[in-house]
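Breakdown of the fold
In case you want the letters, here they are:
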Amino acid sequence: MNILRTLVRSIDKFTDATGRVLAWLALAMALITAFIVVMRYGFNSNSIFTQELVTYMHGSLFLLGTAYALKVGAHVRVDIFYRDFSDRGRAWVNSLGGIVFLIPVCLFILISSWNFAAEAWSIRESSSEPGGIPAVYLLKSLIPLMALNLLLQGMAETLRNALFLVDEER
């Protein structure tokens, strides 16, 4: 049991670190967006590169932030019945939901997006816009990376709830 608890803590630490980096990414994205607006309307200047950079940052923020949202409970949940459940009932719902829904969906996304990202890497797919970011393959890589990241945190959440249920039995 201690090994499982250590695994859950390790995944949580990784997810927390990712969340902190993404928080700074959100700030950088806002500053670059402000820069784009000032350049466009103040100086009548446009940069495809910076516009695409905001798109890449936005994709990174939302795709890689899914695991952090799951960890801190910021994901969407239908609370009609869940809010009235006991801690034990919630642990059952979370454990079964992780096993039946979350983990299989993450595996499906990971498997189905793998070739999509691999093909982009094989041709080193780049922006079709002149002056754009020549690394679309990195953006496409975020999809399987998101699935892997969410899978890890989903396993941690499922294990955390299962451990809670086992501890309650004692």
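In case you missed it, the structure is sitting above this.
Residues numbered from 1 in each chain as written. Predicted model: local features only at pLDDT ≥ 70, side-chain atom pairs only at ≥ 80, totals over all residues. Heavy atoms only, no water.

**Examining the pattern of salt bridges**
Test applied: We define a salt bridge as a side-chain nitrogen of Lys or Arg found within 4 Å of a carboxyl oxygen belonging to Asp or Glu. Each helix is a run of DSSP H or I of at least 4 residues and each strand a run of E of at least 2, with the numbering of both proceeding from the N terminus.
Taken as a whole and judged by the stated rule, the model has 5 salt bridges. One salt bridge connects Asp-16 with Lys-71, and the closest N-O pair in it is separated by 3.3 Å. Here the residue Asp-16 occupies a position in helix H1 (residues 2–43), and Lys-71 occupies one in helix H3 (residues 66–72), the gap between them amounting to 55 residues. Here the salt bridges do not stand alone but share partners, grouping Asp-12, Glu-157 and Arg-160 into one network.

**Examining a nonpolar patch on the surface**
For clarity, the cut-off: Each patch groups residues whose relative accessible area exceeds 30% and which form no salt bridge, using 9 Å between like charges and 5 Å between nonpolar side chains of Val, Leu, Ile, Met, Phe, Trp and Tyr. Areas reported as accessible are Shrake-Rupley estimates using a 1.4 Å probe. Residue values count occlusion only from the protein chains shown.
A surface patch of nonpolar side chains, about 530 Å² in accessible area, is lined by Trp-92, Leu-96, Ile-99, Val-100 and Phe-101. Tracing the backbone shows Ile-99 in helix H5 (residues 87–122).

**Side note on the nonpolar core**
The criterion, for reference: What makes a nonpolar core is a set of buried Ala, Val, Leu, Ile, Met, Phe, Trp, Tyr and Cys residues whose side-chain atoms join them at distances within 4.5 Å. For every residue, the accessible area (1.4 Å probe, protein chains only) is compared with the maximum for its type, and the residue is labelled buried under 20%, exposed over 50%, or partly exposed between those bounds. Only heavy atoms enter the contact rule, under which two residues are in contact if any of them lie within 4.5 Å.
Grouped together as the largest cluster of nonpolar side chains are 9 residues: Leu-22, Met-29, Ile-32, Ile-36, Val-54, Met-57, Leu-61, Leu-64 and Leu-142. Contact partners of Val-54, with chain neighbours within four places excluded, come to Met-29, Ile-32, Thr-33 and Ile-36.

**Observations concerning the packing of aromatic side chains**
Note on aromatic pairs: each is described by the distance of the centres and the angle between the planes. The condition that has to hold: Any two rings among Phe, Tyr and Trp, with Trp reduced to its six-membered ring, count as a pair given centres within 6.5 Å; such a pair is stacked if its planes are under 30 degrees apart, edge-to-face if over 60, and tilted if neither. Whether a charge sits over a ring depends on NZ of Lys or CZ of Arg being within 6 Å of the ring centre and within 35 degrees of the ring normal.
Tallying each qualifying case throughout the model produces 1 aromatic pair. With a centroid separation of 4.6 Å and 65° between ring planes, the pair formed by Trp-121 and Tyr-137 is classed as edge-to-face. On the criterion of sequence distance, the pair formed by Trp-121 in helix H5 and Tyr-137 in helix H6 (residues 136–169) is long-range, its members being 16 residues apart. Lying over the aromatic face of Tyr-137, Arg-124 brings its terminal NZ or CZ to 5.4 Å of the ring centre.

**Notes on the environment of Ala-67**
As for its placement among the helices and strands, Ala-67 is situated in helix H3. Ala-67 sits 85 residues away from Leu-152 along the chain, and the two C-alpha atoms are 8.0 Å apart.

**Overview of H5**
Here is the rule: Multiply 1.5 Å by the residue count of a helix minus one, and that product is the helix's expected span. At every residue, the bend is computed as the angle between two fitted axes, covering the seven residues ending there and the seven beginning there respectively.
An ideal rise of 1.5 Å per residue puts 52 Å on 36 residues; H5 measures up with 48 Å between its terminal C-alpha atoms. The largest bend in H5 amounts to roughly 45° and is located at Gly-98. Residues of H5 that are buried include every one of Gly-89, Ala-91, Ser-95, Gly-98, Ile-103, Cys-106, Leu-110, Ser-113, Ala-117 and Ala-120, and no others. Downstream of H5 by a residue or two, Arg-124 has a phi angle that is positive, lying close to 50°.

**Considering the side chain of Thr-18**
Tracing the sequence through the fold places Thr-18 in helix H1. Using a relative accessible area of 16% as the deciding quantity, one classes Thr-18 as buried. With residues up to four places along the chain from it excluded, the contact list for Thr-18 reads Leu-64 and Asn-149.

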